[in-house]
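Observations on chain architecture
Take a look at the letters that make up each chain.
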Amino acid sequence: MAELRLEELSASNIVAANALSLKPGQEQFITPVSYSAAAAVNDPATTWQRVVTDGDDVVGFVMGSFDANAEHEEFTSILWRINVDADDQGRGIGTFAVQALADEARARGKARLFVIWEQGELGPEAFFVRSGFKPIGETQYGETIGALDL
Ligand SMILES: CC(C)(COP(=O)(O)OP(=O)(O)OC[C@H]1O[C@@H](n2cnc3c(N)ncnc32)[C@H](O)[C@@H]1OP(=O)(O)O)[C@@H](O)C(=O)NCCC(=O)NCCS
């Protein structure tokens, strides 16, 4: 593997980021309901979006949100979306992306990074737990809220 790098989401890489593929059955986990409800608009001032590159290839995407005025605490420092191309999953790219977002949250003075996931056989729970997120509660829709101490 070449060295993994982060690039800001931009006109030059957004097509590749949108073309990242998923494994069968993963689609339903990509945007838990709570996120869609909270995010009618993604504010560029509070949104942190990066693609992960491996050499010339875009292999992943990660998005965080840091909205100090969010109604619920978890939305003040949250992993909003992460996905790694189907063919590149299991190579540590997701871990790299989570660590990058955790570094960003730390740099913004946050004590915790939150994430919300839906449970399910093909869902990301094992990945988030492996990444250090601990389940701390549930949303009104029954999704799990996880927190990573920074
Ligand atoms: C979740 C996701 C980002 C993980 O990315 P990844 O690059 O495959 O993860 P990594 O290679 O860094 O894996 C880190 C650890 O988590 C484990 N892991 C990852 N996915 C797993 C799964 N589905 N089940 C069990 N363990 C899993 C790995 O085995 C690894 O453990 P190890 O360190 O003991 O070897 C990727 O599977 C994905 O894009 N899924 C579809 C989109 C999605 O569900 N996103 C989350 C909601 S927004």
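Overview of the structure.

Quick notes on the rules
Residues numbered from 1 in each chain as written. Predicted model: local features only at pLDDT ≥ 70, side-chain atom pairs only at ≥ 80, totals over all residues. Heavy atoms only, no water. Helix = DSSP H or I, 4+ residues; strand = E, 2+ residues; numbered from the N terminus. Rg over C-alpha atoms; globule rule 2.2 N^0.38 Å. Buried < 20%, exposed > 50% of the residue type's maximum accessible area, 1.4 Å probe, protein only. Contact = heavy atoms within 4.5 Å. Areas by Shrake-Rupley, 256 points an atom, 1.4 Å probe, with all protein chains shown as cover. Core = buried A, V, L, I, M, F, W, Y, C linked by side-chain atoms within 4.5 Å. Pairing = 2+ DSSP bridges. Axes fitted to C-alpha atoms, helices over the stretch in contact; angles between N-to-C directions. Salt bridge = Lys/Arg side-chain N within 4 Å of Asp/Glu carboxyl O.

1. A look at the overall build of the protein
On a plain count of helices and strands, the protein comes out with four helices and seven strands. Taking 150 residues into account, the globule formula puts the C-alpha radius of gyration at 15 Å, and the protein, at 15 Å, falls close to it. Out of the 150 residues belonging to the protein, those deemed buried represent 42%. In the protein, of all internal contacts separated by at least 6 residues, the share reaching a separation of at least 24 is 64%. Surface summary for the protein: the accessible area is close to 8200 Å², and the carbon and sulfur share equals 46%.

2. Some points on the nonpolar core
As a rule of thumb, soluble globular proteins bury nonpolar side chains together. Judged by nonpolar contacts, the single largest core of 22 residues is most densely connected at L79, L101, L113, F128 and F133. Elements with a contribution of two residues or more to this core: β2 (47-54), β3 (57-65), β4 (78-84), α3 (93-107) and β5 (112-117). With seven residues, the single largest contributor to this core is α3. The residues touching F133, leaving out its near neighbours within four places in the chain, are L79, V98, L113, F114, V115, W117, F128, G146, A147 and L148. In terms of nonpolar packing, the next biggest core, distinct from the first, is built from 14 residues, L20, M63, W80 and I145 among them.

3. A look at the environment of H72
For H72, the position within the fold is in the loop between β3 and β4. Along the primary structure H72 and G120 are separated by 48 residues, whereas in three dimensions their C-alpha atoms are 24 Å apart.

4. Digging into the sheet that holds β2
Sheet strands pair by backbone hydrogen bonding; their relative direction is either parallel or antiparallel. As summarised here, the arrangement of the seven strands in space is β1-β2-β3-β4-β5-β7-β6, forming an open sheet in which the pairing is mixed. Here the strands that pair on one side only, and so sit at the sheet edges, are β1 (4-8) and β6 (134-138). On average, each strand axis in the sheet is inclined to that of its neighbour by 30 degrees, with strand direction left out of account. In the sheet, β2 pairs with β3 via eight bridges, with the strands oriented antiparallel. The partner of V52 across the bridge, within β3, is G60. Packing of α3 onto the sheet brings it into contact with β1, β2, β3, β4, β5 and β7 (144-149), and relative to β4 it is tilted by some 155 degrees.

5. With respect to the pattern of salt bridges
Pairing of side chains with opposite charge becomes possible as their charged atoms draw close. Under the criterion given, the structure shown has six salt bridges. Notably, a salt bridge pairs E3 with R5, separated by 3.7 Å at the nearest N-O pair. According to the relative accessible area criterion, E3 is exposed, its value standing at 57%. Among the salt bridges present, the one from R106 reaches D103, with a minimum N-O distance of 2.8 Å. With R106 and D103 both in helix α3 and three residues apart, this pair spans about one turn of that helix. Among the residues examined, R106 registers a relative accessible area of 42% and is labelled partly exposed. Of the residues examined, D103 reaches a relative accessible area of 45% and is grouped as partly exposed. Overlapping salt bridges bring together D54, D88 and R91 as one network.

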